[in-house]
Amino acid sequence: MGKITAAALGLLMLVAVLGSAGASGMLSAFGGSGSTQPSRAALTDIPSDYLALYMDAATTCPGLDWTVLAAIGKTESDHGRSTLAGVHSGANYADARGPMQFLLATFQSIVAKHPPPKGGATPPSPYNKQDAIYAAAAFLCDSGARGGKDIPGALKTYNPDDSYVSQVLTQAQTYTSDTGFGTDTTPTAAALQAINYAQGQLGLPYERGGNGPGTGDAGFDCSGLTRAAYAAAGITLPRTAQEQYDAGPLIPAGLQLKPGDLVFYGNAAGGIHHVGLYTGGGQMIDSPRPGKVIRIEPYRYQGDDYAGATRPVNR
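Residues numbered from 1 in each chain as written. Predicted model: local features only at pLDDT ≥ 70, side-chain atom pairs only at ≥ 80, totals over all residues. Heavy atoms only, no water.

Remarks on the packing of aromatic side chains
Summed over all chains, the structure comprises nine aromatic pairs. For the pair Y245 and F264, a centre-to-centre distance of 5.3 Å together with 80° between the ring planes defines the contact as edge-to-face. Of this pair, Y245 sits in helix α12 (residues 241-247) while F264 is found in strand β5 (residues 262-267), placing the two residues 19 residues apart along the sequence. Judged by relative accessible area, Y245 falls into the buried class, the value being 10%. Judged by its relative accessible area of 0%, F264 is buried. For the pair Y299 and Y306, a centre-to-centre distance of 5.5 Å together with 75° between the ring planes defines the contact as edge-to-face. By relative accessible area, which is 17% here, Y299 ends up buried. For Y306, a relative accessible area of 24% corresponds to the partly exposed category. (Phe/Tyr/Trp six-rings, centres within 6.5 Å; stacked < 30°, edge-to-face > 60°. Helix = DSSP H or I, 4+ residues; strand = E, 2+ residues; numbered from the N terminus. Buried < 20%, exposed > 50% of the residue type's maximum accessible area, 1.4 Å probe, protein only.)

Details of the sheet that holds β5
Note: strands within a sheet are paired through backbone hydrogen bonds, in either parallel or antiparallel orientation. Strand order across the open sheet formed by five strands is β8-β7-β6-β5-β9, with antiparallel pairing between neighbours. This sheet does not close on itself; its edge strands, each paired only once, are β8 (295-298) and β9 (306-310). Within the sheet, the average angular offset between the axes of one strand and its neighbour, ignoring direction, is 40°. Inspection of the sheet shows β5 paired to strand β6 (residues 271-280) by six bridges, in the antiparallel sense. The residue of β6 that forms the bridge with G266 is I272. Packed on one face of the sheet, helix α10 (residues 189-199) meets β6 and β7 (283-286) and runs near 100° to β6. (Pairing = 2+ DSSP bridges. Axes fitted to C-alpha atoms, helices over the stretch in contact; angles between N-to-C directions. Contact = heavy atoms within 4.5 Å.)

Some points on the pattern of salt bridges
Going through the model one piece at a time under the given rule, you end up with twelve salt bridges. Between K74 and D45 there is a salt bridge; the shortest N-O distance is 3.2 Å. Taken together, the residues K74 in helix α5 (residues 66-77) and D45 in helix α3 (residues 40-45) connect sequence positions 29 residues apart. The class of D45 is buried, set by a relative accessible area of 19%. (Salt bridge = Lys/Arg side-chain N within 4 Å of Asp/Glu carboxyl O.)

Examining helix α6 (residues 104-113)
Count 3.6 residues to each turn of an α-helix, and residues three or four apart come out pointing the same way. The set of residues buried in α6 consists of F107, I110 and V111. In an axial view of α6, the angular spread of the buried residues amounts to 90°, which keeps them on one side of the axis. Within α6, the exposed residues directed more than 90 degrees away from the buried face are A105, A112 and K113. The inward-facing, buried residues of α6 contact β3 (102-103) and α7 (129-145). (Arc of directions from axis to C-beta.)

Focus on the nonpolar core
Soluble globular proteins: nonpolar side chains tend toward being buried together. Counting 69 residues, the largest nonpolar core has W66, L69 and L140 as the members making the most contacts within it. Counting residues per element, this core draws most heavily on α7, at eleven residues. Discounting chain neighbours no more than four positions away, the residues touching L69 are Y54, A57, A58, L64, M100, I133, A136, A137 and L140. Among the nonpolar cores identified, the runner-up in size contains eight residues, and I251, V263, Y265 and M284 belong to it. (Core = buried A, V, L, I, M, F, W, Y, C linked by side-chain atoms within 4.5 Å.)

What about α5?
The end-to-end C-alpha distance of α5, which contains twelve residues, comes to 16 Å, matching closely the 16 Å that a straight helix rising 1.5 Å per residue would cover. Positive phi shows up at D78, right after α5, with a value of about 55°. (Expected span 1.5 Å × (residues − 1).)

A short note on the side chain of S287
Turning to its location among the elements, S287 is positioned in the loop between β7 and β8. By relative accessible area, S287 is classed as buried at 0%. Within polar-contact distance, the side chain of S287 engages the backbone oxygen of F220 at 2.8 Å. If sequence neighbours within four positions are ignored, S287 has contacts with Y206, F220, D221, C222, L225, H274 and I294. (Polar contact = N/O pair within 3.5 Å; in protein donor to acceptor, adjacent residues only side chain to side chain.)

See the structure below:
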């Protein structure tokens, strides 16, 4: 079955599942405030019953997009398809369980405060996909996701590993379509490889002119990090932020960024002074300045001098 046909079938199955859940669920999923439409990658990868639950559970927390819940479900259990210990029974090495990988005490505390809707297990169970997904939405909402206030911070409460936060935000972006239901917005394999490399450098210090531990340096400067990240993906970039900006290709203003895009700051006419690696969800990995470490942070902020973005490609 071709990808387009599979996506169409996924759409039909999703509509059927949402229809059985009631009109309010369908309206919240397709027209809810702040909700995004699923990309072709989402329709192909996410089982229709899970997709319906992600979309509807997100409406219980204004400002939380369903793609974040879906990205957690993908990262933790491949949407319930994983056969690893703790997904369907028992617990994993960290004592987490279920498709959204909750500690039992945490799950019980959440559902006591935010009972999931009828249709799940009695009593609620972290192994039940509906209970687990609604509990995850409630946990994120209580942790800073309400109103979209601090999605990365909420994710870090869910799992304190910076690379986990980046991985979830990147995955969420692949599930997002900004131009139409089922549009393919999946990043390239090279972009994902570059992000994976950059995630592995989180916490290393900023070092002016630094090219990383592999060259004998303690850390990286901003363009040293992006150059090394894309080198790991087989793409050669120039050394400085200005040269990387000039190498392009530039992304037209207003076009949605994809994970792996390079975001630049300064004067586009010869004064570019900083570059970061976009990971999705409005976040980037960058080596910001002396005295700081490589970190995840918003790519747009008050008073910034954002100059634009490029999408590196094999030449």
